[in-house]
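Residue-level structural notes
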Amino acid sequence: MAIAISGIQQIKRKSKFSISLLLTYAAVCGYVLFLGFPFLWMLTTSLKTPYELLKLKQSLFPQGLYFHNYIEILQKRGLIQSIFNSLFVATITMFATILLAVPAGYAMARLRRAVGHVATGWILISQVFPVSLIIIPLFIVVRKIGLLNSLPGLMLVYVVANLPFALWMIRGYVSAIPKDLEEAAAVDGASSLKILTQIVLPLLVPGIIATSLFTFVSAWNEFFFALVLIQSPGKETLPLLLARFMGSEGQVLLGPLAAGAFIATIPSLIVFAIIQRKFATGLLSGAVKG
């Protein structure tokens, strides 16, 4: 009798586990579809003819593969130059922000509590002000230092804009690292530089990668600062170029715009794929070293 009851209980546990697993997979699939549907719609829209795009009743898939939208955008719209500008600005912004955020975030996490609170308060206050409030003083400052309408000036603004949040992220990752590891290394005679480079940095790899991804995507997609600070067509970033896909009568060129938006997502996907693999490697490496 006891054996039969035990068997029934095991069957119930397995059924509950299978139902929970099924619900989890269903939720994940629904979330993936929710995120992937706009991307699929953008891709199919870029392959539709102008006649299909003017129909009142739109279908998800095009009637045929219409690549003229991609040919038009690549040949006539200066897309390649704008992609290069955005890639250059986003990459330099990412590296510069990380170089500043890692030592500063480490110092914020390890300094005295009062100093850390002051720095944290500065970060929070800097995120309160809306961009529209600081854009005019920012424009004046950038013009005064001679960096208006230049990619270095835009990169400088992006680094300043992304640095507070990057500091917040790095500080959180540093605080999660046990301080006992650094104290043990100091007892063994390791210098502060050696502790930072050989103990802290390997454990910070996941945090650095996550912060790098955030900074790159933020600089890649940013529009408002570029709209105000960049004036020459040859220095336009990709969001600026895509915002100007207008016809002769102010009509949005939906086909080329969808083609350009689809091409614009490819570098971000490539960077995310590379960083995601490094992120997993960093997690395992940090776990082993910890």
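Everything numeric in this text was worked out from a predicted model, so none of it was measured.

Some points on unusual backbone geometry
At Asn149, a position not held by glycine, the phi torsion is positive, near 60°. By secondary structure assignment, the location of Asn149 is in the loop between helix H6 (131-144) and helix H7 (151-176). The exposure class assigned to Asn149 is buried, which follows from its relative accessible area of 15%.

Structural notes on the packing of helix H4 (residues 79-110) against H7
With their axes 6 Å apart at the nearest point, H4 and H7 run at an angle of 40° to one another. As the angle between them shows, H4 and H7 are arranged oblique. Between H4 and H7 lies a crossing whose hand is right-handed. Residues belonging to the contact of H4 with H7 are distributed by class as follows: 21 nonpolar, six polar and two charged.

Notes on the confidence of the model for the chain
Taken as a whole, the chain shows an average pLDDT of 78; of its residues, 82% reach a score of 70 or greater. Of the regions scoring below 50 in pLDDT, residues 282-290 engages in eight contacts with residues more than four places distant in sequence or in other chains.

Description of the nonpolar core
One broad trend across soluble globular proteins is that nonpolar side chains are buried collectively. Among the nonpolar cores identified, the biggest contains 37 residues, and Leu79, Leu154, Tyr158 and Leu238 are the most heavily contacted of them. Of all the elements in the fold, those that place two or more residues in this core are helix H3 (68-76), H4, H6, H7, helix H9 (192-221), helix H10 (224-229), helix H11 (238-243) and helix H12 (254-289). Counting residues per element, this core draws most heavily on H12, at seven residues. When neighbours within four sequence positions are excluded, Leu238 is seen to be in contact with Leu79, Ser82, Ile83, Ser86, Trp220 and Ala264. If you look at the next biggest cluster of nonpolar residues, it comprises 20 residues, including Met108, Leu163, Val174 and Ile177.

As for H4
The end-to-end C-alpha distance of H4, which contains 32 residues, comes to 46 Å, matching closely the 46 Å that a straight helix rising 1.5 Å per residue would cover. For H4, the principal kink sits at Ala101 and spans about 25°; a proline, Pro103, occurs within the next four residues.

Overview of the packing of aromatic side chains
When we look at a pair of aromatic rings, we describe it by the centre distance and by the angle of the planes. As enumerated under the stated definition, the model contains six aromatic pairs in all. Ring geometry for Phe84 against Phe88: centres 6.4 Å apart, planes inclined by 15°, an arrangement best described as stacked. Here Phe88 and Phe84 lie together in helix H4, a separation of four residues that amounts to about one turn. The class of Phe88 is partly exposed, set by a relative accessible area of 36%. Aromatic pair Phe165 and Phe214: ring centres 4.5 Å apart, planes at 45°, arrangement tilted. Here Phe165 is found in helix H7, whereas its partner Phe214 is found in helix H9, with 49 residues between them in sequence. The class for Phe214 is partly exposed, based on a relative accessible area of 32%. Counting every residue linked through ring pairs, the aromatic cluster contains Phe39, Tyr70 and Phe262. One cation-aromatic arrangement involves Lys48 over Trp41; the distance from NZ or CZ to the ring centre is 5.1 Å.

Some words on a nonpolar patch on the surface
Nonpolar side chains collect at one region of the surface, where Ile125, Val128, Phe129, Val131, Leu133, Ile134, Phe223, Phe224 and Leu227 lie side by side and expose about 790 Å² of accessible area between them. When contributions to the nonpolar patch are tallied by element, the ones reaching two or more residues are H6 and H10. Counting residues per element, the nonpolar patch draws most heavily on H6, at three residues.

The rules behind the values
- Residues numbered from 1 in each chain as written.
- Predicted model: local features only at pLDDT ≥ 70, side-chain atom pairs only at ≥ 80, totals over all residues.
- Heavy atoms only, no water.
- Helix = DSSP H or I, 4+ residues; strand = E, 2+ residues; numbered from the N terminus.
- Buried < 20%, exposed > 50% of the residue type's maximum accessible area, 1.4 Å probe, protein only.
- Axes fitted to C-alpha atoms, helices over the stretch in contact; angles between N-to-C directions.
- Parallel < 35°, antiparallel > 145°, perpendicular 65-115°, else oblique.
- Left-handed = near helix turned anticlockwise from the far one by under 90°.
- Nonpolar A, V, L, I, M, F, W, Y, C, P; charged D, E, K, R; others polar.
- pLDDT = per-residue confidence, 0-100.
- Contact = heavy atoms within 4.5 Å.
- Core = buried A, V, L, I, M, F, W, Y, C linked by side-chain atoms within 4.5 Å.
- Expected span 1.5 Å × (residues − 1).
- Bend = angle between axes of the 7 residues up to and from the residue.
- Phe/Tyr/Trp six-rings, centres within 6.5 Å; stacked < 30°, edge-to-face > 60°.
- Lys NZ or Arg CZ within 6 Å of the ring centre and 35° of its normal.
- Patch = residues over 30% accessible without salt bridge, like charges linked within 9 Å, V, L, I, M, F, W, Y side chains within 5 Å.
- Areas by Shrake-Rupley, 256 points an atom, 1.4 Å probe, with all protein chains shown as cover.
- Salt bridge = Lys/Arg side-chain N within 4 Å of Asp/Glu carboxyl O.

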